[in-house]
Amino acid sequence: MTKYIIVILCSVFTLNIAQAQWGSDELNEQSSFRERIFTGGGLGLGFGNISDFVSLSPLVGYHITDKLAAGIGFQYRYTNYKVVSPSVSTNDYGFSPFVRYNVYAPVFLHAEYEYLNYQFVYNNGDTFRRNFSSIMAGGGIFRDKCSVILTNTSERKLMKLKSLIAILALVTVALPLS
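Residues numbered from 1 in each chain as written. Predicted model: local features only at pLDDT ≥ 70, side-chain atom pairs only at ≥ 80, totals over all residues. Heavy atoms only, no water.

### Points about the overall build of the protein chain
Stage number 1. Looking only at helices and strands, the protein chain has three helices and seven strands in total.
Stage number 2. The N-to-C order of helical and strand elements in the protein chain reads α-α-β-β-β-β-β-β-α-β.
Stage number 3. Taken across its 178 residues, the protein chain has 33% of its residues classed as buried.
Stage number 4. When contacts within the protein chain are restricted to residue pairs at least 6 apart in sequence, those whose partners lie at least 24 apart make up 56%. (Helix = DSSP H or I, 4+ residues; strand = E, 2+ residues; numbered from the N terminus. Buried < 20%, exposed > 50% of the residue type's maximum accessible area, 1.4 Å probe, protein only. Contact = heavy atoms within 4.5 Å.)

### Observations concerning the environment of E114
Stage number 1. For E114, the position within the fold is in strand 5 (residues 107-121).
Stage number 2. It is 8.6 Å that separates the C-alpha atoms of E114 and F98, two residues lying 16 residues apart in sequence.
Stage number 3. Separated by 3.5 Å, the side chains of E114 and S96 make a polar contact. (Polar contact = N/O pair within 3.5 Å; in protein donor to acceptor, adjacent residues only side chain to side chain.)

### Focus: the confidence of the model for the protein chain
Stage number 1. Averaged over every residue, the pLDDT of the protein chain is 76; residues scoring 70 or more account for 65%.
Stage number 2. Across residues 145-153, confidence stays below pLDDT 50; counting only partners more than four residues off in sequence or on other chains, it has ten contacts.
Stage number 3. Scored below 50 in pLDDT, residues 160-174 shows 41 contacts in the model against residues more than four places distant or in partner chains. (pLDDT = per-residue confidence, 0-100.)

If you want it as structure tokens, here you go:
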């Protein structure tokens, strides 16, 4: 059960970052390839008595239309477990292709397949690997689609930038495949 919770939490974190990159500019048929590309990701650090970790999760996506986007995210995590002597380090990695559809501003739907390869540690310090696959579906609300009236153009640009980072709601359902 714990392994599924870890997979879900990692996935939700990645989804939150991925959702934040949608933006509010509408695309048209004349939009260039470069204008349709979006990037995002995350960086995580954790320090504790049991373990320390560093995680990196970049993503890249493409706006197929102004309502439909697809892309892929990658995950990598280095963990150093201090509870075994000598300490043991593990490397976890995976990828997540996704599709996102903007139903009606500000509501969107999101579907994602996730493959993760985890390295586990036995009490004696030995390690083993296991693969996990999940299908996730969810949705949310973009804050940048909500109406905010600002008088100054630079204030509007600043609000737009801040709004791209904020999401009001995200609901995710994970279905483990293995």
